[in-house]
Amino acid sequence: MNDALSRFPFPFKKGTYDYYANNSIPLQPPYSIEVTPAYQHEIHLKRRLLNKAHSRCYQSLSHTEEAQWEVVELVLHHLTAAYPKEFLLHKEKDNWTFINQLTGEEERFVFGDAASLPFEPLDFVGRHVQEDLILMMQRDAELFLEAGQLCFPGNWSLVFKLGMTFHEIHEPIPGFFERGAADKIRTFLLHMEAGRPWMRNNWSLTAGNFLDTFPETYHEWGIHRHRVTVDNAGSLIHLRVEVQKLFRLPGTQGILFTIHTHMLPLKQLVRQREWLHRFTQVVTQLPDEIADYKGITPYKQPLFAYLHKQMEGEKEEKNEIRQ
Amino acid sequence: MKSDNEKIVNKFVIQTKRRKFTFVPNRRKSIILAEETNLEAVDELLREVKNRGAAYSLIDAGEKKEIADLFARQKIGTYLYLAGTPQRIKEWTAMAVKAGFTEEEMQIVCYGAEEQRLFCAHCHHIQTIGKEDAVQCAHCGMQLEVSSHYSRLHDAYYGYIQLPCSDGGESR
Amino acid sequence: MIHGTPIQTVVKEIEQVTPRVKRFTLAPADGRELPRFSGGAHILTRVGVGEQVWQRPYSLCGDPHIRAVYQIAIRLQKNSLGGSVFWHHQVRKGQKVTISWPQNHFPMSHRARHHVFFAAGIGITPFLPMMADAEERGETFELHYAAPTREQCAFYDEIQSRYKGCCRFYFSQEGKRMRPDVMKDQSVGTHVYFCGPAAMVEAYRKAAISYGYPQKSIHYELFIPPAVEDAKPFEVELRHSGKTLQVPAEKTLLEVLLNSGVEVPFACRMGRCGTCAVGVAAGEVKHRDVILSDEEKKTKIVSCVSRSTSTKLVLDF
């Protein structure tokens, strides 16, 4: 396996997938972030998106500032603990200096004083990590999406979902309520404890190698869903996996979700025969309503044909490499 | 940052399905607030309240300020029955929530024109629509598919971008 | 740096607050800042010598802004199973104490227009940081605090000097009784909070409902006892893998499953959330959770608190 393949968080442990389970597992090691070789590229892309369409990528409600500082504290400590050569943090009481060796930046600010930062705290710290950062607040035994920096959405709108409860956010997922998953997962989140982080995966398919699949630009990237053929499926279709890490913030009772999105073109996936088998099983058993929801329906036929060909042992990779 | 604290935590979805009130017994007091007199739902409730000898006040839709003051003066145990058009109900519930009432302490009968607001996925413009399934955004011209995904903050339904070769879907 | 789980601390200070209450100040063993916490939070503490280990939850009663130490106050209980006796008689300055991160199952409401706190005896502890939080946010509150005498009223002077005008004391041996009817004439939007013996909490909860408080405006602290009386060992068979595991008396089913690599999602570990429920194919279960419905109890076990009463339990795993 090459490096990109070996670090890809392939989500299927077997050939079936339970769409309504709480598939969370304890997070080990307990770090909210991961730096991959794509760091420079993704940080650059993130900042470009933030500069170009800020309100699409960043939203917050006014009373989240304290929780945002907790996120800054958590993420910067995790960066320096997990990658001590790349990231440094000096603290002189509330005067913090953060050094990012990968971007060559040095940030000085007064912890707790938003005016000492060029952006809001969450917007600031998110610019140094590949992950999207979503902050839910727990108020009166309910969870609300109250702030987020989202540059790589899987076709969902931060602007529209801001302020929603957990159940309201997930209203569009077919079967999510009827199958009891909504209540089960909400209860799990409400009882999450500080000091015990969790992780879960979420997967989808994307036609085209786009991390930034915003619903605002759906007319631009969505058309590729209709351009898939059996010949281009291997390079056009990507398995998109979001590694979500969940942390309870001890001071404000907020919950931080960090979302690291990984993409793998099918032509690389199929080289792992075991992955190809499991993936093919999962995709061919995909219920229609989930396929619709994940936007797969328009290219289901060419996708199946492509996988069938691969399963038959066609050596298509070689042709694609030549193209 | 947006300052929408009150809105977020307390604003709630107004159920427009309810046509009648259900009397809630054992409350210290009931306040019945109606936009118009002679509403059947209100008359029925009044009969029930009187039958049971419960304490109540019937208030005609008065000045905004007076109603806000009335709400703010209430003690724990007061229950609200609100009947009116969507616009008026929105005003009243906002005032009630500001005073400290919760969803569990009131009932709403909402009548009149059922118009709804639609949020454009592309440009975020919000427009008022009727009962269409698909409309064009009045601001950016994008073709939108009306969904049942609703935001209390925006008081609007989500309008998905519709491609000529329609599919849609949100992949979460 | 961020602490791992659990956190190692040492006892830095012990003060006799009243004849029966001691306040313990815990400092992190490695000198790092402790996690933040909010008013109403508690920590799970673990102390002991040798085989004898006491695991108890205690509310944090210090100032939420202080990151260098945590404070807890413990009353020497008459009917103690040993926890408070150990803390009072055995714990010395410099002693090691293992603690969890702060958890808050008793948070203040964000939509309250006014907070009313009712404390009976040592039930005062969670309200100390809650009042500090409310004061800082500019929210109004009042404290009603019952104790037998002023001498036995923990933190009387501190509360009086800091929150004068917001608190009322009821010393029963002076003939003053705290009564639930204080709740009756509060304005709409008031939230009430109770901490004290179970019977007191239950009486105040019922009274609040009768005055018309919505369920969500009534808050109280409920600690579920940490250990099962007479826990017996049992065997577990995982139906799908055929694996057999032993659950000793001192371990929970959840701990055994996790230790053997079975990835059961879990959250509260107090039988409150139901996340760690697993399917039961055969065997008798003594349910100790507070979440499963009667119907669910027939086929599931909440593995963090419940145990089998038969010698063998077969799980749908």
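Because the structure is a prediction, the values reported are computed rather than measured. (Residues numbered from 1 in each chain as written. Chains lettered and ligands numbered in written order. Predicted model: local features only at pLDDT ≥ 70, side-chain atom pairs only at ≥ 80, totals over all residues. Heavy atoms only, no water.)

Undergrad: How would you sum up the overall build of chain A? Please name residues and give values.
TA: Scanning chain A from N- to C-terminus turns up 15 helices and ten strands. The C-alpha radius of gyration of chain A comes to 20 Å, within 12% of the 20 Å expected for a compact globule of 323 residues. Going through the 323 residues of chain A one by one, you find that 64% of them count as buried. In chain A, once contacts between residues fewer than 6 apart in sequence are set aside, the share between residues at least 24 apart is 70%. Summed over all atoms, the accessible surface of chain A reaches about 12,200 Å², with 49% contributed by carbon and sulfur. (Helix = DSSP H or I, 4+ residues; strand = E, 2+ residues; numbered from the N terminus. Rg over C-alpha atoms; globule rule 2.2 N^0.38 Å. Buried < 20%, exposed > 50% of the residue type's maximum accessible area, 1.4 Å probe, protein only. Contact = heavy atoms within 4.5 Å. Areas by Shrake-Rupley, 256 points an atom, 1.4 Å probe, with all protein chains shown as cover.)

Undergrad: Tell me about the interface of chain C and chain A, and please be specific about residues and values.
TA: On the chain A side, the residues contacting the 26 residues of chain C number 27 residues. Our enumeration of links across chain C and chain A arrives at three salt bridges. Two residues, Glu-73 of chain A and Arg-67 of chain C, come together in a salt bridge whose shortest N-O distance is 3.0 Å. (Salt bridge = Lys/Arg side-chain N within 4 Å of Asp/Glu carboxyl O.)

Undergrad: Describe the pattern of salt bridges, and please don't skip the residues or the numbers.
TA: The final tally for this structure, using the stated rule, is 35 salt bridges over all chains. When the shortest N-O distance is used, the salt bridge between Glu-168 of chain A and Arg-152 of chain B registers 2.7 Å. With Glu-168 of chain A in helix H7 (residues 166-169) and Arg-152 of chain B in the loop between strand S8 (143-151) and strand S9 (156-161), this residue pair bridges two chains. Note that Asp-157 of chain C and Arg-150 of chain C form a salt bridge whose closest N and O atoms lie 3.9 Å from each other. On the basis of relative accessible area, Asp-157 of chain C is assigned to the exposed category, the value being 56%. Several salt bridges converge on common partners, so that one network encompasses Glu-73 of chain A together with Glu-33, Arg-36 and Arg-67 of chain C.

Undergrad: Describe the UniProt feature "domain: Dimethylamine monooxygenase subunit DmmA-like C-terminal" (unreviewed entry) in chain B, with residues and values.
TA: According to UniProt, the feature "domain: Dimethylamine monooxygenase subunit DmmA-like C-terminal" (unreviewed entry) maps to residues 117-159 of chain B in the numbering used here. Split by type, residues 117-159 of chain B is 0% helix and 56% strand. Its first and last C-alpha atoms lie 10 Å apart. (UniProt positions renumbered as here; feature names shortened; annotations may be inferred.)

Undergrad: An account of helix H2 (residues 40-52) of chain B is requested, with residue identities and associated values reported.
TA: Residue and element names in this part refer to chain B. With 13 residues, H2 extends 19 Å between its outermost C-alpha atoms, agreeing within 8% with the 18 Å of an ideal straight helix rising 1.5 Å per residue. Buried within H2 we find Ala-41, Val-42, Leu-45, Leu-46 and Val-49. Angular distribution of buried residues about the axis of H2 spans 130°; they occupy a single face of the element. Turned more than 90 degrees off the buried face of H2, the exposed positions are Glu-40, Arg-47, Lys-50 and Asn-51. Note on H2: the residue one or two positions beyond its end, Gly-53, has a positive phi of about 65°. (Expected span 1.5 Å × (residues − 1). Arc of directions from axis to C-beta.)

Undergrad: Mind laying out the pairing of strand S2 (residues 56-60) of chain B, listing which residues take part and the relevant values?
TA: Residues and elements named next belong to chain B. With five bridges connecting them, strand S1 (residues 29-34) and S2 associate as parallel partners. Paired with Ala-34 across the two strands is Asp-60, which belongs to S2. Regarding topology, H2 serves as the crossover connection from S1 to the parallel S2, and that connection is right-handed. (Pairing = 2+ DSSP bridges. Right-handed = clockwise from strand over helix to strand, strands pointing away.)

Undergrad: Just give me the short version of the interface of chain B and chain A, but keep the residues and values in it.
TA: Contact with chain B, which involves 32 residues of that partner, is made by 46 residues of chain A. Summed over both partners, the interface of chain B with chain A buries about 3,400 Å², with 56% contributed by carbon and sulfur atoms. At the junction of chain B with chain A, the criterion picks out one salt bridge. Counting across the chain B and chain A interface gives seven residue pairs in polar contact (both at pLDDT 80 or more). Counting residues per element, the ones that place at least two in the side of chain B that touches chain A are helix H1 (5-10), S8 and S9 of chain B. Looking at the side of chain B that touches chain A element by element, the count peaks at five residues for S9 of chain B. Looking at the side of chain B that touches chain A, its residues break down into 15 nonpolar, eleven polar and six charged. (Buried area = accessible area lost by both parts, 1.4 Å probe. Polar contact = N/O pair within 3.5 Å; in protein donor to acceptor, adjacent residues only side chain to side chain. Nonpolar A, V, L, I, M, F, W, Y, C, P; charged D, E, K, R; others polar.)

Undergrad: Run through the packing of helix H2 (residues 127-137) of chain C against helix H3 (residues 156-163) of chain C, naming residues and quoting values.
TA: All names here are of chain C. Viewed as axis vectors pointing N to C, H2 and H3 meet at an angle of 10°, and their least axial separation amounts to 12 Å. When the axes of H2 and H3 are compared, the pair comes out roughly parallel. Residues Leu-128, Met-131, Ala-132 and Glu-135 of H2 lie in contact with H3, whose contacting residues are Ile-159, Arg-162 and Tyr-163. (Axes fitted to C-alpha atoms, helices over the stretch in contact; angles between N-to-C directions. Parallel < 35°, antiparallel > 145°, perpendicular 65-115°, else oblique.)

Undergrad: Talk me through the sheet that holds strand S3 (residues 42-49) of chain C; I want residue IDs and the actual numbers.
TA: Residue and element names in this part refer to chain C. Spatial ordering of the open sheet is given by S4-S3-S6-S1-S2-S5, a layout of six strands whose pairing is antiparallel. With partners counted over all chains shown, the strands left at the sheet margins are strand S4 (52-59) and strand S5 (70-75), one partner each. Going from strand to strand, the sheet's axes swing by 35° on average, the running direction of each strand aside. Of the strand pairs in this sheet, strand S1 (residues 7-18) and strand S6 (residues 96-99) are connected by four bridges, and their pairing is antiparallel. Within the sheet, the bridge partner assigned to Val-10 lies in S6 and is Lys-96.

Undergrad: For the packing of aromatic side chains, give the residues involved together with the corresponding values.
TA: In this structure the tally under the stated criterion is 46 aromatic pairs over all chains. Taking 6.0 Å as the distance between ring centres and 85° as the angle between the ring planes, the aromatic pair formed by Tyr-58 of chain C and Trp-87 of chain C counts as edge-to-face. Taken together, the positions of Tyr-58 of chain C in strand S4 and Trp-87 of chain C in helix H1 (residues 83-89) put the pair 29 residues apart, joining distant regions of the chain. Like Tyr-58 of chain C, the residue Trp-87 of chain C is buried in the burial classification. An aromatic cluster is defined as three or more aromatic residues linked by ring pairs; in this entry it consists of Phe-8, Phe-10, Phe-12, Tyr-17, Tyr-19, Trp-203, Trp-275 and Phe-279 of chain A. Over the ring of Phe-119 of chain A we find Arg-127 of chain A; its NZ or CZ atom is 3.5 Å from the centre of that ring. The ring of Trp-203 of chain A has Lys-294 of chain A sitting right over it, with the charged end atom 4.5 Å from the ring centre. (Phe/Tyr/Trp six-rings, centres within 6.5 Å; stacked < 30°, edge-to-face > 60°. Lys NZ or Arg CZ within 6 Å of the ring centre and 35° of its normal.)

Undergrad: Tell me about the pairing of strand S4 (residues 95-100) of chain A, residues and numbers included.
TA: Regular strands place their side chains on alternate faces of the sheet. Residues and elements named next belong to chain A. With five of its six residues buried, S4 lies for the most part within the structure. Looking at chain direction, strand S3 (residues 87-92) and S4 are connected through six bridges and run antiparallel. By the bridge assignment, Leu-88 is partnered in S4 with Ile-99. Two successive antiparallel strands, S3 and S4, enclose a turn made up of two residues, where Lys-93 displays a positive phi of approximately 55°. Relative to strand S5 (residues 105-110), S4 is paired through six bridges, and the arrangement is antiparallel. From the neighbouring strand, Thr-97 faces S5, where its bridge partner is Arg-108. Linkage of S4 to S5, two consecutive antiparallel strands, is achieved through a turn of four residues, within which Gly-104 is found at a positive phi near 75°.

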